[in-house]
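Observations on the model geometry
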Amino acid sequence: MKKRKLYISLLLAASLLTTTGCNDFLDRNLQGSLTQEEITTPEYVDNLVIAAYAYMVTGQDMNAPFSLWPYGNVRSDDAYKGGLNSEDGSHFHFLEIGKGITTDNWAFDDIWYRFYCGVSRANAALSSLNSIDEANYPLKQARIGEMRFLRGHYLFMLKEMFKNIVIVDETIPTEQYTKISNVQYTSDEQWQKIADDFKFAFQNLPDTWIQDGQTIKGRPTRAAASAYLAKTMLYKAYRQNEKNEVTEINEDDLKAVLAYTDDAIMKAGGFSLEQDYSMNFLPQYENGRESIWAVQYSENDGTKYGNLNFGDQLTAPQGIGCCDFHKPSQNLVNAFKTSVDGFPLVGSYDTENYNSATDPVDPRLFHTVAIPGFPYKYNEKYTFDESWSRNKTFYGTYASLKENVDKDCTCLKKVGVFYANSLNHIVLRYADVLLMRAEALIELHRYQEALPLINEVRNRAAKSTVLIFDYNARFKVSPYASFTSEEMAREALQWERRLEFAMEGSRFFDLVRWGIADRVINNYYRTETARRSYYGEAVFTKNKNEYLPIPQKQINYSGNLYKQNYGW
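Now for a quick tour of the structure. (Residues numbered from 1 in each chain as written. Predicted model: local features only at pLDDT ≥ 70, side-chain atom pairs only at ≥ 80, totals over all residues. Heavy atoms only, no water.)

Cis geometry marks the peptide bond from Cys 322 to Cys 323, where omega comes out at 20°. With respect to the secondary-structure elements, Cys 323 resides in the loop between β6 (291-295) and β7 (325-328). In this structure, Leu 68 is a non-glycine residue whose phi angle is positive, near 65°. By the secondary structure assignment, Leu 68 is in the loop between α3 (42-58) and α4 (69-73). With a phi angle near 70°, Asn 543 is a residue other than glycine that sits in the positive phi range. Mapped onto the elements of the fold, Asn 543 is located in the loop between α19 (517-528) and α20 (552-557). Overall, Asn 543 belongs to the buried group, its relative accessible area being 18%. (Helix = DSSP H or I, 4+ residues; strand = E, 2+ residues; numbered from the N terminus. Buried < 20%, exposed > 50% of the residue type's maximum accessible area, 1.4 Å probe, protein only.)

Right, dumping it as structure tokens:
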């Protein structure tokens with residue numbers, strides 16, 4: 001039985017805090033008829049903190065998944081939208097083909113709104129925390145660090161999706177929220193504001209949370225803040241002009257990435273790679289040594305279904321129930337093929353489709369993609385086959401594994417016609433820290449120092465066969481002996497990120513950060529058209545499609561104060 005104290009213990013109290021909800025943009029009517037004394041009691045502040053945490057679970061739905069699978073995977077070369085056909089979830093189909101995207105797409109407005117509700121929850125807690133007497137509330141600075149971490153998390157996701165966003169904090173009166181321009185700060189300044197939140201968290205959070213002699217999981221730690229700060233500085237390093245073109249990779253920002261991925265910070269928090277890659281995506285290994293920070297879901301917690309991951313419930317294959325969205329592309333499957341020596345086939349991987357009987361392959365494929373003929377989620381009772389695909393002619397016969405669970409798991413719950421589960425969603429894991437550090441070293445022209453970091457990830461991949469040893473596949477992954485050039489190192493790093501984080505919601509944002517999205521995705525459209533006919537008219541428009549448009553409804557709410565993104 002899986003329960004999460006962090007979210008459940010004060011869930012009912014948090015649900016009563018309806019005054020921290022949102023209106024058409026943001027609403028934070030915190031005090032109502034409460035006195036200043038009442039809103040600065042430890043009990044009231046605790047409830048606000050729990051409400052901010054709870055929103056990470058309760059604030060999303062299937063059309064606004066906080067895992068960002070439609071935005072980070074379907075927009076890239078990693079995934080097809082899936083579902084019944086192109087009309088089923090057409091708002092995501094337009095992302096898939098790069099056409100038909102409009103400024104009044106309701107899904108964009110919905111996720112903008114939901115993320116700013118999350119910001120508002122964090123700001124609500126911060127308003128009270130700033131006023132409470134630290135003598136009566138010894139955890140004040142740590143709690144402020146937690147709330148600034150959560151605010152930074154929501155702002156980071158908004159920034160990578162929409163670029164020009166509204167930066168608000170707890171000092172700004174509610175009535176001023178729609179009176180602040182989304183270009184009040186430059187893009188670089190916006191990244192710095194987000195980094196400032198994570199830096200404060202880094203300076204004020206503990207290495208571990210201990211309560212009643214037990215380690216508490218789910219709350220961000222110093223290492224989590226350090227990793228997120230490094231991630232923010234890595235994105236900030238790739239300076240872009242108004243047209244979304246990378247104009248500079250800033251050395252000072254890259255050096256900050258190195259500072260905040262220092263292994264001593266991670267080791268103090270007890271973090272390292274899991275022994276087997278699969279352990280990151282199985283409920284029995286949740287909050288393990290690689291999971292630096294994860295959203296905590298729960299079952300059997302007194303709520304109707306449990307606080308499940310309702311954002312990803314569309315991605316279960318038909319063999320589970322519904323609805324077979326988020327389908328791995330053939331291009332992604334082919335990317336896991338290796339040479340007989342165990343190295344990526346960078347230039348030729350997609351000329352022929354992967355054949356498990358003949359092709360050497362990276363074992364991470366079978367932890368990422370459900371393939372016909374093999375056990376589903378390692379359970380030999382259930383062989384994944386083509387009948388589990390809702391429309392195999394349109395979207396192929398693969399399914400996404402990482403966010404899904406074994407059909408027999410008690411963590412899988414039927415919710416109407418849908419199925420959701422309580423598997424945690426990892427936001428930051430140690431492998432990301434290693435590869436962020438490697439990327440910074442490469443761009444600082446210290447590429448040989450990146451070699452052991454990339455090889456650490458590859459060596460773990462090579463050993464990740466415990467649950468798939470009898471699949472009769474030809475597993476082969478080898479470490480690099482050396483990098484003969486900076487370009488070779490960069491290519492290895494970019495390839496490794498694709499394989500390691502496939503279907504985890506980051507691929508598209510990586511391509512935009514590197515400034516290669518138009519080239520990679522348009523090439524993908526050309527080669528994939530023979531497999532999926534709907535790509536025939538697909539196009540990625542450079543200087544436009546790197547970011548979503550600012551929702552027109554939000555521009556209207558601001559009285560046309562918000563500036564639309566370039567190209568829209």
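Attention now goes to the state of the cysteines. This structure, assessed with the given rule, holds two disulfides. Here Cys 322 pairs with Cys 323 through a disulfide, and the sulfurs are 1.6 Å apart. Its torsion about the S-S bond being 75°, the disulfide of Cys 322 and Cys 323 is classed as right-handed. We note that Cys 322, like Cys 323, is buried. With a sulfur-sulfur separation of 2.1 Å, Cys 409 is cross-linked through a disulfide to Cys 411. Linking Cys 409 and Cys 411, the disulfide has an S-S dihedral of approximately 125° and is accordingly described as right-handed. Of the two residues examined, Cys 409 and Cys 411, each falls in the buried class. (Disulfide = S-S within 2.5 Å.)

Bringing empty space enclosed by the protein into the picture now. As enumerated under the stated definition, the model contains eight cavities of 30 Å³ or more in all. When its volume is computed, the largest cavity comes out at roughly 390 Å³. Around the largest cavity sit 29 residues that line it, and Lys 231, His 425, Ile 426, Val 427 and Glu 504 are the ones nearest its centre. Counting only elements with at least two residues in the lining of the largest cavity, the list comes to α7 (140-162), α9 (222-237), β15 (425-429) and α18 (507-514). Class assignment of the residues belonging to the lining of the largest cavity gives a composition of 14 nonpolar, seven polar and eight charged. Within this model, the second largest cavity holds a volume of roughly 230 Å³. Taken together, 18 residues form the lining of the second largest cavity, with Asp 312, Lys 402, Glu 403, His 425 and Ile 426 sitting closest to its centre. Elements that contribute at least two residues to the lining of the second largest cavity include exactly α4 and β15. The residue inventory of the lining of the second largest cavity, partitioned by class, reads five nonpolar, nine polar and four charged. (1 Å grid on protein atoms, 1.4 Å probe; cavity = no way out; pocket = protein on both sides within 12 Å on 5 of 7 lines; lining within 4 Å. Points joined across faces, edges and corners; volume = space filled by probe spheres on them. Nonpolar A, V, L, I, M, F, W, Y, C, P; charged D, E, K, R; others polar.)

As a further point, take the environment of Phe 271. Following the sequence through the fold, Phe 271 ends up in the loop between α11 (263-268) and β6. Spatially, the C-alpha atom of Phe 271 lies 6.8 Å from that of Ile 292, the residues being 21 residues apart in sequence. Excluding residues within four positions of it along the chain, Phe 271 makes contact with Thr 221, Ala 223, Met 266, Arg 289, Ser 291, Ile 292 and Tyr 430. (Contact = heavy atoms within 4.5 Å.)

In this model, the largest pocket occupies a volume close to 620 Å³. For the largest pocket, the lining is made up of 26 residues, of which Gln 494, Trp 495, Ile 516, Arg 519 and Val 520 are closest to its centre. At the level of elements, β5 (246-249), α17 (486-500), α18 and α19 are the ones that each hand at least two residues to the lining of the largest pocket. Along the lines of polarity and charge, the residues of the lining of the largest pocket split into eleven nonpolar, seven polar and eight charged.

Turning our attention to the packing of aromatic side chains. Counted under the stated rule, the structure contains 42 aromatic pairs. Consider the rings of Phe 115 and Tyr 154, whose centres lie 6.1 Å apart with planes at 45°: the pair is tilted. With Phe 115 in helix α6 (residues 106-131) and Tyr 154 in helix α7, the pair connects residues that are 39 residues apart, well separated along the chain. Here Phe 115 falls in the buried class, since its relative accessible area comes to 0%. Grouping aromatic residues by their ring pairs yields a cluster made of Tyr 80, Phe 394, Tyr 395, Tyr 524, Tyr 525, Tyr 534 and Tyr 535. Positioned above the aromatic ring of Trp 209 is the side chain of Arg 219, whose terminal nitrogen or guanidinium carbon lies 5.6 Å from the ring centre. Across from the ring centre of Tyr 235, 4.7 Å away, lies the NZ or CZ of Arg 513, which sits over that ring. (Phe/Tyr/Trp six-rings, centres within 6.5 Å; stacked < 30°, edge-to-face > 60°. Lys NZ or Arg CZ within 6 Å of the ring centre and 35° of its normal.)

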